[in-house]
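As a plain string of letters, each chain reads:
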Amino acid sequence: MVAYKTPRELAIMREAGRVVALTLERVAKAAVPGVRPVELDAIAARTIKEHEAWPSFLHYHPRWAPSPYPATLCLSVNDVVVHGIPDTRPLRAGDILSIDCGAVLGGYHGDAAITIPIGSVDAGAARLLEVTERALRHGIEAAVAGGRLGDIGHAVQSVARAAGYGILEGCTGHGIGTAMHEEPAAVPNTGPPGRGMRLREGLTIAIEPMFIEGGHDAGRMLPDGWAIATADRSRGAHFEHTIAITADGPVVLTAP
Ligand code: MF3
Ligand code: CO
């Protein structure tokens, strides 16, 4: 069953989303060449705690995963698109880093991700980040009451294909609220417009385009059973916001 949120619930989700956005800002500022992902994870853990929130990802154990998630953030470098477990290998200039953060506050979740350049990056990386972020914006703009879930996927997909990028298969956005993942179970990054679940006021979803520079859609699971890298070994980018559908249009909840 889809849980449509009241304005009171949306106000709480906005506060949870604010914690996520502030955490992403702080981590992004600290993400410079030479820094270790585990150090960024510690900054996120501290920031979330300071706001009296709790990290949603820590100890999260979906059915498909071999073990509970061991960290606060997912930090995915270069050809790792999502669910990278923070490790001790220092970031290098020219890398791109996806920072994915979830926090729960007052019983409601926020979930958002950005992909950022580490030091200066080549033009191909800059374009991949710019296009993936634009796809998220277009997806959000399509999330209007009376529309359909497929309108969002179509908007995201159109941006990827026009740029020649792949769309990571098997991974989607999701409903979000009192659980990090709730119905609708999938908010696809592809799809025919005008199809799928009707979008109504009070619906809260995470939209998360995951694009692949090399143009192939396939991913490959890394041996840790969490991280998903591109099968073609090209770079991937991931942007995500938690949004609400309201009478006034889509509202981004994971904003500062
Ligand atoms: N944004 C990701 C998602 O919605 C984060 C989940 S990572 C996990 O699936 F560690 F919590 F699984
Ligand atoms: Co998500």
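All chains use their own residue numbering, which begins from 1 and follows the written sequence. Labels are handed out in written order, letters beginning with A for the chains and numbers beginning with 1 for the ligands. Predicted model: local features are reported for residues with pLDDT of at least 70 only, side-chain atom pairs are reported and counted for 80 or more only, and whole-chain, interface and lining totals are derived from all residues. The side-chain numbers reported here are obtained from all heavy atoms of the structure, hydrogens and water having been left aside.

Caption draft 1: Local environment of the packing of aromatic side chains. We call Phe, Tyr and Trp rings a pair once their centres come within 6.5 Å, taking the six-membered ring for Trp, and we label the pair stacked below 30 degrees between planes, edge-to-face above 60, and tilted otherwise. For the structure shown, the criterion picks out 3 aromatic pairs. With 6.5 Å between their ring centres and 85 degrees between their planes, Phe57 and Tyr69 make a pair best called edge-to-face. Placement of Phe57 in the loop between strand S1 (54-55) and strand S2 (73-77) and of Tyr69 in the loop between S1 and S2 is noted, with a sequence separation of 12 residues between them. Like Tyr69, Phe57 is buried. A ring pair is formed by Trp64 and Trp226, whose centres lie 5.0 Å apart and whose planes are at 70 degrees; its orientation type is edge-to-face. Placement of the pair is Trp64 in the loop between S1 and S2 and Trp226 in the loop between strand S11 (219-221) and strand S12 (228-230), with a sequence separation of 162 residues. Type-normalised accessible area, obtained with a 1.4 Å probe on protein chains alone, sets the label of each residue: buried when under 20%, exposed when over 50%, and partly exposed for intermediate values. Under the relative-accessibility criterion, Trp226 is labelled buried at 3%. Strands are runs of DSSP state E lasting at least 2 residues, helices are runs of H or I lasting at least 4, and numbering of each runs from the N terminus.

Caption draft 2: Up close: the sheet that holds strand S10 (residues 210-212). Pairing between strands is defined by DSSP: at least two bridges between the two strands are required. As summarised here, the arrangement of the 3 strands in space is S6-S10-S13, forming an open sheet in which the pairing is antiparallel. Where the open sheet ends on each side, the last strands, each with one partner, are strand S6 (166-167) and strand S13 (236-238). Note: S6 against S10, 2 bridges, orientation antiparallel. Each bridged residue has a counterpart across the sheet, and for Ile167 the counterpart in S10 is Phe211. Should any heavy atoms of two residues lie within 4.5 Å, those residues are considered in contact. Only C-alpha atoms enter the line fits that serve as axes; for helices the fit covers just the stretch in contact. Angles between N-to-C directions range over 0 to 180 degrees. Its contacts with the sheet put helix H3 (residues 123-141) on S10 and S13, and the angle it makes with S13 is roughly 35 degrees.

Caption draft 3: Quick look at the coordination of the cobalt ion (ligand 2). Summarising the metal site, the cobalt ion (ligand 2) is bound by the protein donors Asp111 (OD), His174 (NE2), Glu208 (OE) and Glu240 (OE), whose distances to it range over 2.1 to 2.4 Å. Each donor residue of the cobalt ion (ligand 2) lies on the same chain, and together they follow the pattern D-x62-H-x33-E-x31-E. Of the two residues, Asp111 sits in strand S5 (residues 108-117) while Glu240 sits in the loop between S13 and strand S14 (241-246), which places them 129 residues apart along the sequence. Here the coordinating atoms are restricted to nitrogen, oxygen and sulfur within 2.8 Å of the metal centre, or 3.2 Å for Na, K and Ca, and because water is not among them the sites may look incomplete.

Caption draft 4: Highlighting the pattern of salt bridges. In the sections that follow, a salt bridge refers to a side-chain nitrogen of Lys or Arg positioned within 4 Å of a carboxyl oxygen of Asp or Glu. Scanning all chains against the criterion turns up 8 salt bridges. Here Arg18 makes a salt bridge to Glu15, at a shortest N to O gap of 2.9 Å. In this pair, Arg18 and Glu15 are both assigned in helix H1 (residues 7-30), 3 residues apart and thus about one turn of the helix distant. With relative accessibility at 27%, the residue Arg18 sits in the partly exposed group. As a salt-bridge pair, Arg235 and Asp122 come within 2.9 Å of each other at their nearest N and O atoms. Linking Arg235 in the loop between S12 and S13 with Asp122 in the loop between S5 and H3, this pair joins segments that are 113 residues apart in sequence. Each of the salt bridges in this network shares a partner with another, and the network as a whole consists of Asp122, Glu213 and Arg235.

Caption draft 5: Geometry of H3. Any helix carries an expected span of 1.5 Å times its number of residues minus one. Helix length check: H3 (19 residues) gives 27 Å between terminal C-alpha atoms against 27 Å at 1.5 Å per residue, within 8%. Listed in full, the buried residues belonging to H3 are Ala125, Leu128, Leu129, Val131, Thr132, Ala135, Leu136, Gly139 and Ile140. For H3, the side-chain oxygen to backbone nitrogen distance between the N-cap and Gly124 is 3.0 Å, and the N-cap itself is Asp122. Polar contacts, as used here, are pairs of N or O atoms within 3.5 Å; protein pairs need one atom able to donate a hydrogen and one able to accept it. Residues neighboring in sequence count only if both atoms are side-chain atoms.

Caption draft 6: Here's a closer look at the sheet that holds strand S3 (residues 80-82). The strand order across the open sheet formed by 3 strands is S3-S12-S11, and the pairing between neighbours is antiparallel. The open sheet has two edge strands with one neighbour each: S3 and S11. Going across the sheet, the axis of each strand differs from the next one's by a mean of 45 degrees, ignoring polarity. Where S11 lies against S12, 3 bridges are found, and the strand directions are antiparallel. Each residue of the ladder has a partner; that of Gly219, found in S12, is Thr230.

Caption draft 7: Structural detail: the site of ligand 1. Note on definitions. A residue lies near a molecule or strand when any single heavy atom of the residue is within 4 Å of it. Around ligand 1, the surrounding shell holds 13 residues, and the nearest of these are Tyr69, Asp100, His174, His181 and Glu240. Here an oxygen atom of ligand 1 and a side-chain polar atom of Glu208 are 3.2 Å apart. Taken by itself ligand 1 offers 330 Å² of open surface, and the protein chains cover 95% of this. Under this grouping Gly is polar, as are all residues other than the nonpolar Ala, Val, Leu, Ile, Met, Phe, Trp, Tyr, Cys and Pro and the charged Asp, Glu, Lys and Arg. Split into classes, the residues belonging to the shell around ligand 1 amount to 6 nonpolar, 3 polar and 4 charged. Note on areas: Shrake-Rupley with a 1.4 Å probe; residue coverage comes only from the protein chains shown.

Caption draft 8: Examining the nonpolar core more closely. Take the buried Ala, Val, Leu, Ile, Met, Phe, Trp, Tyr and Cys residues and link them wherever side-chain atoms come within 4.5 Å; each set so joined is a nonpolar core. By size, the foremost hydrophobic cluster in this structure holds 23 residues, and its most contacted members are Val27, Ala31, Leu40, Leu73, Leu97 and Ile99. Apart from residues lying up to four places away in sequence, Leu73 is in contact with Val27, Leu40, Asp41, Ala44, Phe57, Gly84, Pro86, Ile99, Asp100 and Cys101. The next biggest cluster of nonpolar side chains, apart from the first, holds 16 residues, and it includes Ala155, Leu203, Ile207 and Phe239.

Caption draft 9: Geometry of the side chain of Asp41. Here Asp41 lies in helix H2 (residues 37-50). In this tally Asp and Glu are treated as negative and Lys and Arg as positive; neither His nor the chain ends contributes. For the buried Asp41, no salt bridge exists, and the shortest N-O distance to an oppositely charged side chain is 10 Å, to Arg46. Among residues more than four places away in sequence, those in contact with Asp41 are Ala71, Thr72, Leu73, Leu75 and Pro86.

Keep in mind that these numbers describe shape and distance, not what the molecule does.
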